[in-house]
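Each chain is listed here by its residues.
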2 protein chains.
Amino acid sequence: MDVLDDTMYRERLDSQNMLRPIRELPMQIQCAWQQVHESVELPTLHPANVVILGMGGSAIGGDIARSLVAEHSPIPIIVHRDYGVPACVDKHSLVIAVSYSGNTEETLSGFDAAVERGAHVFAIAAGGELIDRASKHGVPYYKFDYETQPRAALGYLLTPILAIFNSVGIYSIDDSLISEAVRCMHEEQRHWDADTPTESNSAKQLAHTLAGYIPVVCASQPLTVVARRWKTQFNENANCACFFEELPELCHNMVVGFDYPDELSKR
Amino acid sequence: MDVLDDTMYRERLDSQNMLRPIRELPMQIQCAWQQVHESVELPTLHPANVVILGMGGSAIGGDIARSLVAEHSPIPIIVHRDYGVPACVDKHSLVIAVSYSGNTEETLSGFDAAVERGAHVFAIAAGGELIDRASKHGVPYYKFDYETQPRAALGYLLTPILAIFNSVGIYSIDDSLISEAVRCMHEEQRHWDADTPTESNSAKQLAHTLAGYIPVVCASQPLTVVARRWKTQFNENANCACFFEELPELCHNMVVGFDYPDELSKR
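Residues numbered from 1 in each chain as written. Chains lettered and ligands numbered in written order. Predicted model: local features only at pLDDT ≥ 70, side-chain atom pairs only at ≥ 80, totals over all residues. Heavy atoms only, no water.

Some remarks on the overall build of chain A
Next up, step 1: When helices and strands are counted, chain A shows 10 helices and seven strands.
Next up, step 2: By the compact-globule yardstick of 18 Å for 267 residues, chain A fits well, its C-alpha radius of gyration being 20 Å.
Next up, step 3: Considered along the principal axes of its C-alpha atoms, chain A spans approximately 55 × 40 × 35 Å.
Next up, step 4: The buried share among the 267 residues of chain A stands at 51%. (Helix = DSSP H or I, 4+ residues; strand = E, 2+ residues; numbered from the N terminus. Rg over C-alpha atoms; globule rule 2.2 N^0.38 Å. Buried < 20%, exposed > 50% of the residue type's maximum accessible area, 1.4 Å probe, protein only.)

Now the structure itself:
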């Protein structure tokens, strides 16, 4: 039997139980979509620009949302992974502050700066200081209840941003699109679920191929964000070095880098 | 004698003679600054946003210019490394198309899209199709005359963008700032010029330290662009794999990736 088909071995490897939130991703999306529409006051203004604040696993939702609509959005959407806010943030901006814990210091610093500049602000968190500050300043927020690693709460961190894009008219995303996405995810998951044996499981086969190597994930726009997500998941879940490159840009530099060191071709 | 102090050995290694344009960088900046002010019609509008089109060595000038002013610019500045233009480009946008050869297909595609949308466009190139199209459409342009690799013409590709930022009021950059930058560069170059012996040359010392390894260059904003430049220079000049990471973002993922593979700590 392949080691990855051995449940006990797998459970030892997956000490943080990442399997549960991965399996629950479709549920997360469905649940977050429903909750933001039932109990949250979504913004309806027409902003001059949108700035999404977040770091690491809490920023990737913003990246995915931005990539999804980048070719269609009539206004610039900026994902800001740093302290403070970009200089273009003013009272015509919509700033979405995202932090799973609610205590990310870079994001809190940006939240404060956005409030001070009179921007329209929206907060997304599972709790913490961000929700406290939003509450104090009368800033609308979405607070969800789901215990896991920040990066594994992707559904809760991404979906509210899509709902906001819809409510402010950047891109039309309706109930049927979300239901269809959830349905597709359930169907696709069968091909790489932990219970599917290696011989018909592309994820387990890939794991065997990559073990011991430094993966470099390459993708073109708008899938660069997926390459970035893979990179950070290799970093954080497998404690493995990994990098990502974007096309067509990499044709203009990275491709010439694979001659050296000699052993690299084997890594 | 250290091999890097051996002129003949160095000339064999530097088959494209990158040494000349590196030494001439201060001259490039000074020359480009003078030329754009003496003979080019710089835009003076107040755009809603600025989009810089470019790939590889022709995009890095845009990255550096953007990073320099990002904390101060009242409007979003986007560097677009792809075909076409972002959806936010309209008649209120300023689009700067940069291509050393003038024949980069992604940039030409973006130039056409920008003209079609009625954006204010400016072109920067050493010649080629971009200058022909600019001329045909009555688009103002800066055409320079300097033969080298695109990435080594940084002074000619970056400086006109700074002049435009100044002329449209994004950030004030005057003659004295440019003269001072050129003076500093001349002074600093002594510490890492090819003719400075290894024992007092930090660049040669670093080269010895890194030979045979996969460098990962890390920097925080606004120096991320410098890390990116190093990465591509390792790729293209040394034909060496290299990656870059940005701070503080890397604290949220990459740092946990250095446990594995075991041999990585030695690379």
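Details of the sheet that holds strand S5 (residues 141–143) of chain B
All names here are of chain B.
Next up, step 1: Across the sheet, which stays open at both edges, the five strands sit in the order S2-S1-S3-S4-S5 with parallel pairing between neighbours. Edge positions in the sheet fall to strand S2 (77–80) and S5, since each of these pairs with one other strand and no more. Taking the axes of each pair of neighbouring strands and ignoring which way they run, one obtains an average angle of 15° across the sheet.
Next up, step 2: Relative to strand S3 (residues 93–99), strand S1 (residues 49–53) runs parallel, the two sharing five bridges. From the neighbouring strand, Ile-52 faces S3, where its bridge partner is Ile-96. (Pairing = 2+ DSSP bridges. Axes fitted to C-alpha atoms, helices over the stretch in contact; angles between N-to-C directions.)

Focus on the sheet that holds strand S3 (residues 93–99) of chain A
All names here are of chain A.
Next up, step 1: Pairing in this open sheet of five strands is parallel, and the strands run S2-S1-S3-S4-S5 from one edge to the other. Of all the strands in the sheet, the pair left with one neighbour each is strand S2 (77–80) and strand S5 (141–143). When the angles between neighbouring strand axes are averaged without regard to direction, this sheet yields 15°.
Next up, step 2: In terms of strand pairing, strand S4 (residues 120–125) meets S5 through three bridges, oriented parallel. Paired with Ala-125 across the bridge in S5 is Lys-143.

Some remarks on unusual backbone geometry
Next up, step 1: Unusually for a residue other than glycine, Asn-17 of chain A sits at a positive phi of about 50°.
Next up, step 2: Inspection of the secondary structure puts Asn-17 of chain A in the loop between helix H1 (7–13) and helix H2 (19–23).
Next up, step 3: The class of Asn-17 of chain A is partly exposed, set by a relative accessible area of 39%.
Next up, step 4: Backbone geometry places Asn-239 of chain B, a non-glycine residue, at a positive phi of 45°.
Next up, step 5: Looking at where Asn-239 of chain B falls in the secondary structure, it is placed in the loop between helix H10 (224–237) and strand S7 (243–247).
Next up, step 6: With relative accessibility at 29%, the residue Asn-239 of chain B sits in the partly exposed group.

What about the environment of Gly-56 of chain B?
Next up, step 1: Here Gly-56 of chain B lies in the loop between S1 and helix H4 (60–69).
Next up, step 2: For the pair Gly-56 of chain B and Arg-229 of chain B, spaced 173 residues apart in sequence, the C-alpha to C-alpha distance is 9.5 Å.

Here's the deal with the environment of Leu-94 of chain B
Residues and elements named next belong to chain B.
Next up, step 1: Secondary-structure assignment places Leu-94 in strand S3.
Next up, step 2: With relative accessibility at 1%, the residue Leu-94 sits in the buried group.
Next up, step 3: Placed 44 residues apart in sequence, Leu-94 and Val-50 show a C-alpha to C-alpha distance of 4.8 Å.

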